[in-house]
Amino acid sequence: MPGYIWFFLIVVGIPVIAGVLGDVYKRHIKFKEKQLELMSAQTAEKAAQYAAHTERLEQRMQVLERIITDRGLELSDEIERLRDRPLN
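Definitions and limits used
Residues numbered from 1 in each chain as written. Predicted model: local features only at pLDDT ≥ 70, side-chain atom pairs only at ≥ 80, totals over all residues. Heavy atoms only, no water. Helix = DSSP H or I, 4+ residues; strand = E, 2+ residues; numbered from the N terminus. Rg over C-alpha atoms; globule rule 2.2 N^0.38 Å. Buried < 20%, exposed > 50% of the residue type's maximum accessible area, 1.4 Å probe, protein only. Areas by Shrake-Rupley, 256 points an atom, 1.4 Å probe, with all protein chains shown as cover. Lys, Arg positive; Asp, Glu negative; His and termini not counted. Charge placed at Lys NZ, Arg CZ, Asp CG, Glu CD. Patch = residues over 30% accessible without salt bridge, like charges linked within 9 Å, V, L, I, M, F, W, Y side chains within 5 Å. Salt bridge = Lys/Arg side-chain N within 4 Å of Asp/Glu carboxyl O. Contact = heavy atoms within 4.5 Å. Expected span 1.5 Å × (residues − 1). Bend = angle between axes of the 7 residues up to and from the residue.

Participant: If you had to explain the overall build of the chain to someone new, which residues and values would you point to?
Facilitator: Check the secondary structure of the chain and you find 2 helices and 0 strands. Relative to its length of 88 residues, the chain is extended, with a C-alpha radius of gyration of 33 Å against a globular reference of 12 Å. The C-alpha extent of the chain, read off along each of the three principal axes, is 105 × 20 × 15 Å. Here the chain holds 88 residues, and the buried ones make up 5% of them. Accessible surface, the chain: about 8,400 Å² in total, of which carbon and sulfur atoms supply 64%. Here the chain holds 13 positive side-chain charges and 13 negative ones, and the gap between their average locations is 11 Å.

Participant: Tell me about a nonpolar patch on the surface, residues and numbers included.
Facilitator: A cluster of nonpolar side chains, namely Trp-6, Phe-7, Phe-8, Leu-9, Ile-10, Val-11, Val-12, Ile-14, Val-16, Val-20 and Val-24, defines an oily patch on the protein surface of about 1,100 Å² accessible area. As for its placement among the helices and strands, Val-24 is situated in helix 1 (residues 3-69).

Participant: Break down the environment of Ile-67 for me, with residues and values.
Facilitator: Its place among the elements puts Ile-67 in helix 1. Judged by relative accessible area, Ile-67 falls into the buried class, the value being 15%. Taking the C-alpha atoms as reference points, Ile-67 and Glu-78, 11 residues apart in sequence, are found 7.4 Å from one another. The residues contacting Ile-67, other than those within four sequence positions of it, are Leu-75, Glu-78 and Leu-82.

Participant: Break down the environment of Ala-44 for me, citing the residues and quoting the values.
Facilitator: Counting through the fold element by element, Ala-44 comes out in helix 1. The exposure class of Ala-44 is partly exposed, given its relative accessible area of 48%. Separated by 38 residues in the primary sequence, Ala-44 and Trp-6 place their C-alpha atoms 55 Å from one another.

Participant: Which residues make up helix 1, and what values go with them?
Facilitator: Taking 1.5 Å per residue as the helical rise, helix 1 with its 67 residues ought to reach 99 Å, and the 97 Å between its terminal C-alpha atoms agrees with that figure. In helix 1, a bend of some 35 degrees at Leu-9 exceeds every other bend along the element. Taken residue by residue, helix 1 has Gly-13, Val-63 and Ile-67 as its buried positions.

Read these as geometric descriptors, not functional statements.
The structure is reproduced here in structure tokens:
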């Protein structure tokens, strides 16, 4: 091959290819960052839902404990109120 073709490949071709590959890599990194952000948001949302569900279960457990330990006349009234109360 003539010398000017080698010169063109070295001076123009390699930097252009390196620039394109670098840009592709940067776009790939940005895409992965966006994926991680979305996954993090979804995980936080699920954690909040689990925490709310756990809170509701703890409240119901407290009511049941109170009913079990209560020996007074309020027991039947409390059971009736719970029957009328909508479930979460």
